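Each chain is listed here by its residues.
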Amino acid sequence: MPDYNNIFSLKNKTAVITGGAGLIGNKIVHALIDFGAKVFIADTDIQKSDFFSSKFKKNKFSYHNIDITSKSSVNALIQEMKNNNEIIDIWINCAYPKTKDWGNKFESISHESWSENVDMHMNGYFLCCQSALEHMKDQGAGSVINMASIYGMVGPDFSIYKETDMTMPAAYAAIKGGIISMTRYLASYYGPYNIRVNSISPGGIFDNQPESFVNNYEMKCPLKRMGTTNDLIGGTIFLASDASQYVTGHNLVIDGGWTSI
Ligand SMILES: NC(=O)c1ccc[n+]([C@@H]2O[C@H](COP(=O)([O-])OP(=O)(O)OC[C@H]3O[C@@H](n4cnc5c(N)ncnc54)[C@H](O)[C@@H]3O)[C@@H](O)[C@H]2O)c1
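Residues numbered from 1 in each chain as written. Predicted model: local features only at pLDDT ≥ 70, side-chain atom pairs only at ≥ 80, totals over all residues. Heavy atoms only, no water.

Trainee: How would you sum up the site of the ligand? Please name residues and give values.
Mentor: The environment of the ligand is made up of 28 residues, and the closest members are Ile 24, Asp 43, Asp 67, Tyr 172 and Lys 176. Between Gly 22 and the ligand, the recorded distance is 3.2 Å, taken from a backbone N or O atom to an oxygen atom. Measuring from an oxygen atom of the ligand, one finds a side-chain N or O atom of Tyr 125 at 2.9 Å. Burial of the ligand by the surrounding chains reaches 84%, relative to a free accessible area of 830 Å². Here the ligand is seated within the largest pocket. Mapped onto the shell around the ligand, the elements with two or more residues apiece are α1 (23-34), α4 (111-139) and α5 (170-190). Across the shell around the ligand, the residue classes break down as 15 nonpolar, eight polar and five charged. (Near = heavy atom within 4 Å. Polar contact = N/O pair within 3.5 Å; in protein donor to acceptor, adjacent residues only side chain to side chain. Areas by Shrake-Rupley, 256 points an atom, 1.4 Å probe, with all protein chains shown as cover. 1 Å grid on protein atoms, 1.4 Å probe; cavity = no way out; pocket = protein on both sides within 12 Å on 5 of 7 lines; lining within 4 Å. Sits in = over half its atoms within 2 Å of the grid points. Helix = DSSP H or I, 4+ residues; strand = E, 2+ residues; numbered from the N terminus. Nonpolar A, V, L, I, M, F, W, Y, C, P; charged D, E, K, R; others polar.)

Right, here's the structure in full:
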């Protein structure tokens, strides 16, 4: 009989998370460790390393200054893990590289800026997927999770941004839509190697946005609130663990019903 009580356990599993120092990544790191995994945090923000050292024992995590836009940087981490006989059971792409002018209105986005954002974000996810999946192929198992977004699935409702300086950048739609499609492709390509590739599409996560935006968002959202980083944990652990052993190519939407209306 399968041990149903432990199907979500990540005991003896090793996970890499890019963008692990960020708003969402940081919460996922905590959860992965709580569920028993050893976690490799891969992030360009080296300042945050001390924060994790103050929270977790040394044998639970390690912090790596890795840039997902650089093949050699990503491969250096994988090589280091190989040298230390570390298996990569789980790879989560959660980094959010963006240019300084991110958030410009569509009519004022330069072609250079558009290209740079697609190059850093979508192509960075490609680089990580390629390196991680080829490594997992040699291992004969693995689970990859790509953080996507509702805005890779549906167009924005611009009325929620009125009375604020906020907008939803156009490149985000292209990038996240591309990541969701790439995830399906990779699920098909690597399925025969016992590797699963899924994406998660969160809705808007509360992060002290302007009050009028939060009110507008809550009014439209069927569950009448913005998401929290905690809301993403159940789905992430599900896709990372054996609980989802027959799930691949899936885009798990965690959005309080936003895309259902
Ligand atoms: N916050 C939201 O409302 C929301 C909603 C849907 C989807 N998402 C997605 O979730 C993921 C994480 O978002 P977040 O809100 O936690 O972002 P964040 O900006 O808080 O964190 C992103 C992290 O990525 C790191 N990073 C940036 N460039 C990098 C690079 N080149 N290489 C490695 N690390 C790099 C940053 O240092 C940071 O720690 C992103 O893919 C984002 O698109 C976020």
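Trainee: Which residues make up empty space enclosed by the protein, and what are the values?
Mentor: Following the criterion strictly, the structure yields one cavity of 30 Å³ or more and no others. Computed from the structure, the largest cavity encloses a volume of approximately 80 Å³. As for the largest cavity, its lining consists of Thr 99, Asp 101, Trp 102, Gly 103, Asn 104, Ile 109, Ser 110, Ser 113, Trp 114, Asn 117, Pro 169 and Ala 171. At three residues, the largest contribution of residues to the lining of the largest cavity is made by α4. Residue composition of the lining of the largest cavity, by class: five nonpolar, six polar and one charged. (Points joined across faces, edges and corners; volume = space filled by probe spheres on them.)

Trainee: Can you break down the state of the cysteines residue by residue, with the values?
Mentor: Taken as a whole, this structure holds zero disulfides when the rule is applied. For the unlinked cysteine Cys 128, the closest cysteine sulfur is that of Cys 129, found at 7.1 Å. Of the residues examined, Cys 128 reaches a relative accessible area of 0% and is grouped as buried. Not part of a disulfide, Cys 221 finds its nearest cysteine sulfur in Cys 94, a span of 20 Å. (Disulfide = S-S within 2.5 Å. Buried < 20%, exposed > 50% of the residue type's maximum accessible area, 1.4 Å probe, protein only.)

Trainee: Please set out the packing of helix α3 (residues 71-83) against α4 residue by residue, giving values where relevant.
Mentor: Between α3 and α4, the least distance of the axes is 9 Å, while the angle of their chain directions is 25 degrees. The orientation of α3 relative to α4 falls into the category roughly parallel. Classified by chirality, the crossing of α4 by α3 is right-handed. Side by side, α3 and α4 meet where Lys 71, Val 74, Asn 75, Ile 78 and Lys 82 of the first sit next to Leu 127, Cys 128, Gln 130, Ser 131, Ala 132 and His 135 of the second. For the contact of α3 with α4, the class distribution of residues is five nonpolar, four polar and two charged. (Axes fitted to C-alpha atoms, helices over the stretch in contact; angles between N-to-C directions. Parallel < 35°, antiparallel > 145°, perpendicular 65-115°, else oblique. Left-handed = near helix turned anticlockwise from the far one by under 90°. Contact = heavy atoms within 4.5 Å.)

Trainee: Residues and numbers for the layout of surface pockets, please.
Mentor: For the largest pocket, the calculated volume is near 990 Å³. Lining of the largest pocket is provided by 40 residues; of these, Leu 23, Tyr 96, Lys 98, Tyr 172 and Gln 209 occupy positions nearest its centre. Of all the secondary-structure elements, those providing two or more residues to the lining of the largest pocket are α1, α4, α5 and α6 (211-220). No other element matches α1, which puts three residues into the lining of the largest pocket. Split by residue class, the lining of the largest pocket holds 23 nonpolar, ten polar and seven charged. Approximately 310 Å³ is the volume attributed to the second largest pocket. Every residue lining the second largest pocket is counted, 20 residues in all, and those nearest its centre are Ala 141, Gly 142, Ser 143, Asn 194 and Arg 196.

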